[in-house]
Amino acid sequence: MDDQTTPSGQARGQQVALWLAIASVVLYFFALTGFNDRPIADESHHLRGIRWFCDGNWQLPGFLPMLPGYHVLASLPARLFGPGLLVARAFTVLMGIAATLLVHGILKRTNQPHPADTLLHFAWNPLLFPFMALAYTDLPAVLCLVAAVYLHVRQRFALSALPLLFACLIRQSNVVWVAFMGAWAVIELWEQRAADTQPEETPRLGRLFRSAVPRIWPHITLGVLAVGFFVGQGGVTVGRLRFNQPGVNPAQFYLFALFVIVLWAPLWLSCVRTEWRTLYQAALTRPSICALAAAGVLALVFNFQNLHPWNQGLSHLRNWPLVGMSSSLTLRVLLVLCIAGVAPLVVRFTRSQPRRRMLAAVWLFSFLFLLPQPLADPRYYIIPVLFLNLFARYPASQARRLTIWYGLISVAAATVACVWGHPTGGLW
């Protein structure tokens, strides 16, 4: 068998991973079809939007808070095969396979040390995998962003704006990732210029910006159009549904932090063993750092708020830690201590990465993306996790452990959807 560190071994491993990823999505679709043929959570809401356009209604439906790009697109196969749940789910599966193929193409053009594992980190992303066969907007939005990344790595910067436009037509908050893609182009150019200059020199910002304009003018144009749309619309959302209006929800960031801990648990566990003496013991010997850490923990404990009414029930798994933190001070303290304990590892990991500027940009734009989201929902973390795994570099053992971990959680999440999914919940 080929060594996985050789180019031929990596190519063969990536091909196996591709077929494994596609087979897992198809298997999940058939399991979902066999065990749960009723709409799960918001599927009925999106099916209503699809049927709206199947019936020839081309004005914006007032019951949708997002632009109906997905619903218009999904109405095309629905016109041929019927606007049923099975057709909508099958259409999502095809988009999931297309997104996986695009990630496969991205990894063939980038310097990924373990492309097979990175491909499965995408396909088995535990936040994304349950939606690979559901009639939701998340997978179509991911497909558009992956297409934009594919064109970006092929240096088709202007053309990459087209799938970014489609991403915004599916969910208007994706304009944040349009800005991220523009920032990526600028950071790449800055790194190229920095590598070409003398060590004592730095690239001039004015010259850098002028050089970047040919790459990012479509992103700037999309941003201007988005601002014009929001101003003309009188808000970010299309409909006037009360609980979909933008607003800051502190619980969003607590939940995001908890998912960062869980999704990269194998990495943090290995980092604790190696960083305990140099990071934690050294910090505990400094009273000023201990005082700041204690103040931060207390601030997180007493400033927790779970504001959104859709985060109050237990029909979604996402609400379990939030409801628990609201009702139990002990649980809140324990989870905040976990967040505070892992935060230095996240910072250390980010700073140690060869693509640390891009990882820092992902963290920043993830914060901007989550800031106006009123509902604490792990679906909003799918794209941040996608980009974090795309730019992160893991040792072989960590990459493989992460793949296995993602696979196990994805199987559990898919099983929950198949067995427990119902019209009012049963998902993350």
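Here's what I pulled together on the structure shown here. (Residues numbered from 1 in each chain as written. Predicted model: local features only at pLDDT ≥ 70, side-chain atom pairs only at ≥ 80, totals over all residues. Heavy atoms only, no water.)

## A word on the overall build of the protein
On a plain count of helices and strands, the protein comes out with 17 helices and zero strands. In summary, the protein has a C-alpha radius of gyration of 22 Å against a globular reference of 22 Å for 428 residues, a match within 12%. Structurally, the protein occupies a C-alpha span of about 65 × 55 × 55 Å along its principal axes. Within the protein, the fraction of its 428 residues that count as buried is 52%. The contacts in the protein between residues at least 6 apart in sequence include a share of 76% that link residues at least 24 apart. For the protein, the accessible area works out to roughly 19,900 Å², and carbon and sulfur atoms hold 69% of it. (Helix = DSSP H or I, 4+ residues; strand = E, 2+ residues; numbered from the N terminus. Rg over C-alpha atoms; globule rule 2.2 N^0.38 Å. Buried < 20%, exposed > 50% of the residue type's maximum accessible area, 1.4 Å probe, protein only. Contact = heavy atoms within 4.5 Å. Areas by Shrake-Rupley, 256 points an atom, 1.4 Å probe, with all protein chains shown as cover.)

## So, the packing of aromatic side chains
For the structure on display, the rule yields 24 aromatic pairs. Each ring, one from Trp-268 and one from Phe-349, has its centre 6.1 Å from the other, and the planes form 90°; the classification is edge-to-face. With Trp-268 in helix α11 (residues 265-284) and Phe-349 in helix α14 (residues 329-352), this pair connects stretches of sequence that are 81 residues apart. The residues Trp-268 and Phe-349 share a single accessibility class, namely buried. The interplanar angle of 20° and the centroid separation of 6.4 Å between the aromatic rings of Phe-387 and Phe-391 together place this pair among those described as stacked. Here Phe-387 and its partner Phe-391 are both found in helix α16 (residues 382-391), four residues apart, which amounts to about one turn of the helix. Both residues of the pair, Phe-387 and Phe-391, belong to the buried class. (Phe/Tyr/Trp six-rings, centres within 6.5 Å; stacked < 30°, edge-to-face > 60°.)

## Examining the side chain of Asn-174
Looking at where Asn-174 falls in the secondary structure, it is placed in the loop between α7 (157-170) and α8 (175-196). Judged by relative accessible area, Asn-174 falls into the buried class, the value being 1%. Sequence-distant contacts of Asn-174, defined by excluding residues within four places in its chain, comprise Ala-141, Leu-145, Ala-167, Cys-168, Phe-369 and Ile-383.

## Some words on the nonpolar core
Membership of the largest hydrophobic core comes to 128 residues, with the highest contact counts inside it found for Tyr-28, Phe-122, Phe-180, Trp-264, Trp-268, Phe-387 and Phe-391. The element contributing the most residues to this core is helix α6 (residues 138-153), with 12 residues. With near-sequence residues (within four places) excluded, Trp-264 lies in contact with Val-385, Leu-388, Asn-389, Tyr-394, Leu-402 and Tyr-406. In terms of nonpolar packing, the next biggest core, distinct from the first, is built from five residues, Ala-185, Leu-189, Leu-208 and Ala-212 among them. (Core = buried A, V, L, I, M, F, W, Y, C linked by side-chain atoms within 4.5 Å.)

## Some thoughts on α6
With 16 residues, α6 ought to run about 22 Å at 1.5 Å a step, and its terminal C-alpha atoms sit 23 Å apart, in line with that. Buried residues dominate α6, accounting for 16 of its 16 residues. Immediately beyond the C-terminal end of α6, within one or two residues, lies Gln-155, with a positive phi of roughly 65°. (Expected span 1.5 Å × (residues − 1).)

## Structural notes on unusual backbone geometry
Glycine aside, residues mostly have negative phi angles, and peptide bonds mostly take the trans form. The backbone of Ala-41 sits at a positive phi, close to 50°, despite the residue not being glycine. In this structure, Ala-41 sits in the loop between α1 (7-35) and α2 (43-54). The backbone of Gln-155 shows a phi angle near 65°, a positive value even though the residue is not glycine. Mapped onto the elements, Gln-155 comes out in the loop between α6 and α7.

## Notes on the environment of Trp-320
Mapped onto the fold, Trp-320 is located in helix α13 (residues 319-327). Between the alpha carbons of Trp-320 and Pro-354 there is a distance of 36 Å; along the sequence they are 34 residues apart. The contact partners of Trp-320, leaving out residues within four places of it in the chain, are Leu-314 and Trp-420.

## Observations regarding a nonpolar patch on the surface
Side chains of Leu-159, Leu-162, Leu-165, Phe-166 and Leu-169 sit close together on the surface and give an oily, nonpolar patch of about 430 Å² of accessible area. Along the chain, the position of Phe-166 falls in helix α7. On the accessibility criterion, Phe-166 (44% relative accessible area) is partly exposed. (Patch = residues over 30% accessible without salt bridge, like charges linked within 9 Å, V, L, I, M, F, W, Y side chains within 5 Å. Salt bridge = Lys/Arg side-chain N within 4 Å of Asp/Glu carboxyl O.)

## Describing the packing of α2 against helix α4 (residues 85-108)
Closest axis-to-axis distance for the α2/α4 pair is 11 Å, and the angle between their directions is 95°. Considered as vectors, α2 and α4 are oriented roughly perpendicular to each other. Here Glu-43, Leu-47 and Ile-50 of α2 lie close against α4, whose contacting residues are Leu-85, Ala-88 and Arg-89. (Axes fitted to C-alpha atoms, helices over the stretch in contact; angles between N-to-C directions. Parallel < 35°, antiparallel > 145°, perpendicular 65-115°, else oblique.)

## Let's talk about the packing of α4 against α6
Contact geometry for α4 and α6: axes closest at 9 Å, N-to-C directions at 20°. Taken together, the axis directions place α4 and α6 in an arrangement best described as roughly parallel. Two packed elements cross with a definite hand, and for α4 against α6 that hand is left-handed. Contact residues: Thr-92, Met-95, Gly-96, Ala-98, Ala-99, Leu-102, Val-103, Gly-105 and Ile-106 in α4; Leu-139, Pro-140, Leu-143, Val-146, Ala-147, Val-149, Tyr-150 and Val-153 in α6. Considering only residue class, the contact of α4 with α6 consists of 14 nonpolar, three polar and no charged. (Left-handed = near helix turned anticlockwise from the far one by under 90°. Nonpolar A, V, L, I, M, F, W, Y, C, P; charged D, E, K, R; others polar.)

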